[in-house]
Each structure stands twice: as structure tokens, then as C-alpha cells.
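Observations on the model geometry
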Number of protein chains: 2
Amino acid sequence: MNDLQRRRDRVLGPMMTTFYRDPVELVRGEGVWLWDAAGNRYLDAYNNVPHVGHGHPTVVEAVARQMATLNTHSRYLHEGIVAYAERLTATFADGLDTLTLVCTGSEANDIALRIGWAATGKKGIVATDATYHGNTHLVSQLSAGRRPVGGRVDWVRRVPPPGGAVDGAAFAASIGAAIDSLEADGHGFAALILDPFLANEGFPSLPPGALDAAVALVRARGGIVIADEVQPGFGRLGSHFWGHERMGFVPDVVTLGKPMGNGYPVAGVVTRRDLIAAFREGFGYFNTFAATPVAAAAASAVLDVIESEGLQARAEEVGRALRAGLGALDHPRIREVRGAGLFAGVVFDDDGEFTGEVVERMRAAGVLMHYIGPGRNILKIRPPLVFGHEHVDMLVDRLGQVLKEMG
Amino acid sequence: MNDLQRRRDRVLGPMMTTFYRDPVELVRGEGVWLWDAAGNRYLDAYNNVPHVGHGHPTVVEAVARQMATLNTHSRYLHEGIVAYAERLTATFADGLDTLTLVCTGSEANDIALRIGWAATGKKGIVATDATYHGNTHLVSQLSAGRRPVGGRVDWVRRVPPPGGAVDGAAFAASIGAAIDSLEADGHGFAALILDPFLANEGFPSLPPGALDAAVALVRARGGIVIADEVQPGFGRLGSHFWGHERMGFVPDVVTLGKPMGNGYPVAGVVTRRDLIAAFREGFGYFNTFAATPVAAAAASAVLDVIESEGLQARAEEVGRALRAGLGALDHPRIREVRGAGLFAGVVFDDDGEFTGEVVERMRAAGVLMHYIGPGRNILKIRPPLVFGHEHVDMLVDRLGQVLKEMG
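The structure displayed is predicted, hence computed values, not measured ones. (Residues numbered from 1 in each chain as written. Chains lettered and ligands numbered in written order. Predicted model: local features only at pLDDT ≥ 70, side-chain atom pairs only at ≥ 80, totals over all residues. Heavy atoms only, no water.)

1. Digging into the domain arrangement of chain A
Residue and element names in this part refer to chain A. If you check the domain split of chain A, you get domain 1 (3-52 + 310-406) and domain 2 (57-308). The C-alpha-based centres of domain 1 and domain 2 are spaced at 26 Å. With 29 residues of domain 1 at the interface, the matching set in domain 2 holds 31 residues. Both sides together, the interface formed by domain 1 and domain 2 hides about 2300 Å², and carbon and sulfur atoms give 59% of it. Among the residues domain 1 hides against domain 2, the three largest losses belong to His-51, Gln-312 and Phe-343. Together they make up 28% of the total. The interface formed by domain 1 and domain 2 holds zero salt bridges in total. Where domain 1 meets domain 2, there are 14 residue pairs in polar contact (both at pLDDT 80 or more). Of the residues contributing to the side of domain 1 that touches domain 2, the split by class is 15 nonpolar, nine polar and five charged. (Domains from an automatic or database assignment. Contact = heavy atoms within 4.5 Å. Buried area = accessible area lost by both parts, 1.4 Å probe. Salt bridge = Lys/Arg side-chain N within 4 Å of Asp/Glu carboxyl O. Polar contact = N/O pair within 3.5 Å; in protein donor to acceptor, adjacent residues only side chain to side chain. Nonpolar A, V, L, I, M, F, W, Y, C, P; charged D, E, K, R; others polar.)

So, in C-alpha cells, the structure goes:
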């Protein structure tokens, strides 16, 4: 442990997780590049928060300008907030026409679940069994990983995600059984929440329509569908701006987070007017830091850059090259290359340490990435959308070398 | 409803509250001043988020510089985050030596309650009956105002705050009865949460030591004390940097919010190492947008300005003049002038509309303020700390005119 780590442990407290055995101290970022305190440069193939690139001047300038001009809460009127909400909701299907701004994806999902309660008068929630939707007390109850102090609430049911042996019909059947169980226990059924790309579940390759049976079943049983677009949204998947569009369904509620402000803490809930009305009627809601002129400026600048630099099309094109490059790697452990746009995964035959070791060695080789999936055996490649062909070449080249070294 | 209001209602949805019968559209702020779209200037005597003044260049430049340099999450190491945490915790009593950064005061209180659970293994929470601690599902259960869809949880007890007829001993006795009730119902007792300035309760004038009996009782009964410093903290009260210092007790957990980043969404939880360890062990926690280099830069710049401009001493001195000026106003409805530092209240004899009408007329007279307290009969004056004697003169002068008009 170096001096900074010791100080960090002392003042931030124990169990503040870091990446890598020997954590990286970052000091500078630009586009797809990061530099550590020793001057080493890393290709960032992991971070999705800097969606349009680290330190993008358009976003920095928009935030600085608006901070210098005005930053107040939403109990005063402001054109910028309304204009952003109009612009963002225009990217959704008809009906998904209101935006509630919040600060974090966790806050967005904390609202989304309560929209389900308010809309149905029921309490039961269904989620997948390998998911993560955030860190508030309510939302953290969805995570299967850790049994919280005081135990779990009894109105959440977890089902195996689709993918592999679980097809769309089997997924819907599991949800149906979960709803039966919620109803039998007197909770009733309010909502299904899922990431339409199933990122934390390891983003299995699913054909469009694979979630249709589940969505139809949820509605037939009186519930609503919440799509958590924190990871797939804002053009990352290339072919579509939103993950649910790619799968071909329209959710009732969409939650947004990480990439929305390129690092400025802004997140949101997009839903129908009747649903947000039911929530506000049922719970009341105000968020001081959320619907501010600066949050709107940051988020609006992100949309500006996505459009002006054609980042969705770039994600599609460069992502294709990335998957092709990864697919050309030859190693006995590689089971599959998967993903969409600039969200790619290499699935390894690994019942233990292999994928983690690849991540460590890639860091030593100057490329930051991570692993994901219930078995932690999927290399997670999710770079800023300004990733280009030259970065793909570097990543694939270094990964090839690392895999060769590891034999 | 003007065009902007109509568009706002359409795209942000219904029940997005605004201040004033005819809401203000703000376009610019500087120091203690705000301007609306028609060019009218307002003295801001209400907003505490722009703690060191609207658009303070030190904060704007710190945020812009750090955003252009690097903004990543806390799984990489960063000197700025650690240095800020060291600097902030140094303002607290020994033992309160760890900082967990989050994005909003709501997130901070959502953690604080769970620290109570993790530390005690019990569930019961005691709060005052006129409080507000935030908007997550968990924290909103503390608010007495609105019965949420699905009803209230059964492990919160609300007690009348101290002040008026309720002295420190009576407050402690109410808490004792609440703890008895929680224990009788099998929940046990985890924590008392309260704002040591009791801002939402109408900040009754309490002598130092008035909360000592309550604090001692909570500890004798095995619980922890959570001080919500979102409103009183960061020098606003003049005589002390924190509200609990002013009352003369040391809490187990302190939550921070609004003024911390002068509008940048940063908040925090300061507590002992053993308590944050129990929380992280019991729940796990990671917050993408929270412990970032930019959040630390914003919060650090706020401390810089408080120090370099002597804002705590200024709050004490100008606040004294403010209370003196308010106290010299002569109107039959004025029952009391109260407060500390730059947090002042004028308590009116008002069983209905009077205080609200004062707020409306003060807006028309170019001064923004609001009302507070269970009876909504207290004028709430809580300006940025760069408020000066000339602003006090203007506020008192305009308020005198408004009260005279109202007869």
C-alpha cells in the first residue's frame, strides 16, 4: 500500500473498492486516453461515463458557461431545462414524453420502482438474478449479490435472465411464475425492471423480439415494464439510440444515468404523463440538485457532441471492427465474442482467475478494461464513443499479446 | 400560464412545484443577485445552495479546470479526493474522521439510516414530526407530510421537536417513549436523526445543551445520533462551522448536502471508521458520480472561498445586523425574530395566508425569500453567505414597506 492508498483508507474508510491489484492513480484524461501519476498512458476501453470522451471541450465549456451564468433549482422556471427535456424525450417513442431529472441512476431507479407501485397499487417487483440497478436502500434490494443487514424485502423475485438455454418463452415463463408467487404472498405485481441489453448479466446475444413475450406477459398481468438504459443508452449500441429500441419493444418507464452528462451528475426518468402523475401524486418529489440549468447544459452538450461527431454511427462502425478484431484472435479459452456497438465482450472458458488475470495484464499493457457476468468470465469492453479504428487495432494487438503470454 | 410554463408542464409533467403564484424565470445570477428574463433584478435572500454566491468564479474555475483535466470514479486513486476528505474531516471533532462522498443529501441520509441499522442490528428510527430529510424511498419515510402509496413503514416514530413548550427534558422524554414503542413492536432502536438547527421545524431558539438530554438518552438506549447538517452546516450559523457544535454535542454520523459544492451535486456522510465499516460490510456501496475529482474540486473550492473571504465570521456579523434590523421592524403581526448567523426567521401571528402574502409581495419588491415551519408562519431568510450590510439594509427596508402596505 502506497502513501496515497494509506491516506485514502484512513479518510474514506475501509472497503472502498479499487480496480487492479496495484490500483491506478489517474491524473489526466483526454478523449480515449488516461494518464497516471507516473506519466504512463492508458487506452480507456472501460469507462462509459465519459461517453463523448474524457474532458470533451464542448461539455466542459457548456458546464463552465452555465455555472458562471446561473445555477438554481427547478422551483424557478428555466428555458434550458425545458428545452433539454423536449429534445431528449423526442428521441423516444410517442407516449414516453415526460422527463424527471435526478442526479444518479440510483435515484432514477428509486423513482421507477415507486412509479410501479403508484401505477398499480401493488408492491411486487421482478428483476433478473444477476442484476444491479443502484445503491439506495430500495434499489439495492434488487441486487442478488449481498444479503443486506436486516435481510431482504419479501416483495422482490429474481429470475434467470434470457440467453443461452433460456429463450424468450422460458424467460416469460419464469416471470409468470414469479408473479404467481408475488400474488400468492399477497404482494401483487407492480413491475419488471431490466436492462434491455442485460449488461450486468453478461449481455447475451439476443435477437430482436427476444423480450417481447416477457413484455406482453408483464402487461397482461397488470404490471409495467421499466427499462434501465443506464448502460446501453445514448447511442452506445450503434444500431439504435436506446437498448429497448434495439430489442424492439417500448417500455413504460426508462431510467437513464451514467453517460448522460459525461461525468456531470445528471440522470433521469422518462415515462408517460399518467405514470409520472401517479408517482408525484402518491409520493411527492423534489430534488434540489437535479433539474438545474447546469445539469441541462451538461446533458444538452452531450447530445450536441453525439450528433455533431456522429457518435452513434461511429459506435456501430467501430464496434463492428472491434468485434471482428476480437473474433480473429486465436486462443483456446475464447468461447465467444459478443456485444453491440461499442459494448463488446470476450467470453472465456474460465472457472476462476483467467479473465481477472487478462484484465490485470491488459492494464500493464496500457489498456483499461474489466470483467462482467455472473461468472466474471467476460471481458467487458465499453469505451468512450470517440474510440476509433486505431484504438481497436491497439486493443486487439495488446490483447493478442497478453493471451499469447498467458498461453 | 405562459408558454414556458405550458411547455414545462407538458415535458416535465404535472405537479412540478414552483415558487410564487406567477413563477420567476431566472436567467442570470451573480453573488447575491438574480435576474429574470424581463431584466428584473432580485436580491436572493433564500437560496443556500449557492453558499459562496451565485456563479462564484473560484468554484466555476475549479470545476472547469478539473473537468478539462480528469473526471473519473473512485475505483481509481486520486489525490484531490483524499485531500478534500482530509480537509473536511479536520473540521469535525476527533473520531468523526471518515468521509463517504455521495451526490445528494438524500443519498447521504439514505446511507446514514442504514449505518444505524448496521451498527445496532435494529431497525427503529426516531425523527421529529415536522422534518424533511430527502426524497429516496427510505428517507422520504421520515417525512410526516404525505402518506406514501403503500402506506408508511412501521419502524419510524415521530416526536414533537424541542422549542416553545417542549424543553430538552420533554424532548428526551418523547424520544424515550418512542424508543419504548419501537422496542415493544419488536423493531428495536437504531437511530435518532435530526437537524441540530431544526430548520424545517422552524428553528426554535434553543440554548446550547438543549439537545444534550436527548443525545445522552439515545446512547443510553443503544442507538446512534445522526445530525443532518444539510441546512446549518459550512459556517452559515456564524458562531460555529457546524450546527451540532453550536448545540454542544458530537453526533455519531453527520450528513452534508446543499451548500457543499455551491450547486455542483456533491454531498457526504462523515462518521467514525467503525460505523462506516459496519455499513459497507452490511450493505456494500459504490456511487459512480460521487467521489470524483470534479466533485472534490468543487467542494474544495467552496472551502477555499469560505476561508479566503472569511464567510463564517461574515455570517456571524451580518447575521447579527440582519436580526437587529428585523427586530426593529414594527408590526402587530411580528411575534419573534429568531435565527443564527445568516439563517434568520420572522415569526408572524398568522393562521393562514399572511406569511405567504409577505413572500409574494417581497418578490414583487425584488427580494426572494420563503416561509417555513409547521404553521408556514415563519419568514425564512437564508441567503448566500456573501450577503452584506447593504443587502440587509435593502431587505429590511423592503420588508418594512411590504408590512406597512399590508397593514
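2. Let's talk about helix 13 (residues 389-406) of chain B
Residues and elements named next belong to chain B. The end-to-end C-alpha separation of helix 13 is 26 Å, in line with the 26 Å expected for 18 residues at 1.5 Å each. Within helix 13, the full set of buried residues consists of His-391, Val-392, Met-394, Leu-395, Val-396, Leu-399, Val-402, Leu-403 and Met-406. Looking at the residues trailing helix 13, positive phi occurs at Gly-407, about 70°. (Helix = DSSP H or I, 4+ residues; strand = E, 2+ residues; numbered from the N terminus. Expected span 1.5 Å × (residues − 1). Buried < 20%, exposed > 50% of the residue type's maximum accessible area, 1.4 Å probe, protein only.)

3. Let's talk about helix 6 (residues 168-184) of chain A
All names here are of chain A. Look at helix 6: 24 Å from first C-alpha to last across 17 residues, which is about the 24 Å you get at 1.5 Å a residue. Every buried residue of helix 6 is listed here: Gly-168, Phe-171, Ala-172, Ile-175, Gly-176, Ala-178, Ile-179 and Leu-182. Projected down its long axis, helix 6 shows its buried positions confined to an angular sector of 165°, all on one face. In helix 6, the exposed positions angled more than 90 degrees off the buried face are occupied by Ala-169, Ala-173 and Ala-184. Contacts made by the buried residues of helix 6 are with strand 5 (124-128), strand 6 (156-159), strand 7 (189-194) and helix 7 (212-220). Regarding helix 6, its N-cap is Asp-167, as a side-chain oxygen of that residue lies 3.2 Å from the backbone nitrogen of Ala-169 further along. Immediately beyond the C-terminal end of helix 6, within one or two residues, lies Gly-186, with a positive phi of roughly 85°. (Arc of directions from axis to C-beta.)

4. Here's the deal with the sheet that holds strand 13 (residues 367-368) of chain A
Residue and element names in this part refer to chain A. Read across the sheet, four strands follow the order 1-2-3-13 without closing on themselves; strand pairing throughout is mixed. Each edge of the open sheet carries a strand with a single partner, namely strand 1 (26-30) and strand 13. Pairing of strand 1 with strand 2 (residues 33-36), which is carried by four bridges, proceeds in the antiparallel orientation. The residue bridging Arg-28 from the neighbouring strand is Trp-35, located in strand 2. (Pairing = 2+ DSSP bridges.)

5. Thoughts on the relation of the copies chain A and chain B
Two chain copies, one operation linking them: a rotation about an axis together with a shift along it. Mapping chain A onto chain B calls for a rotation angle of 180° and an axial translation of 0.0 Å; the resulting RMSD is 0.0 Å. Taken together, the rotation and translation describe the operation of a two-fold axis. Across chain A, the smallest distance between a C-alpha and the rotation axis is recorded for Ala-64 of chain A, namely 2.7 Å. Of the residues that chain A buries at the interface, 100% are likewise interface residues in chain B, meaning the two copies contact each other through the same surface. (Least-squares fit on C-alpha atoms with pLDDT ≥ 70 in both.)

6. Digging into the interface of chain A and chain B
For an interface, size is often stated in terms of accessible area lost upon the parts coming together. With 94 residues of chain A at the contact, the number on the chain B side is 94 residues. Together, the buried faces of chain A and chain B total about 8600 Å²; carbon and sulfur atoms form 60% of this surface. The largest per-residue losses of area from chain A upon contact with chain B belong to Tyr-76, Leu-77 and Phe-289 of chain A, which jointly make up 10% of the total buried on that side. At the boundary of chain A and chain B, one finds six salt bridges. For Arg-7 of chain A, the salt bridge identified is with Glu-86 of chain B, shortest N-O distance 2.8 Å.

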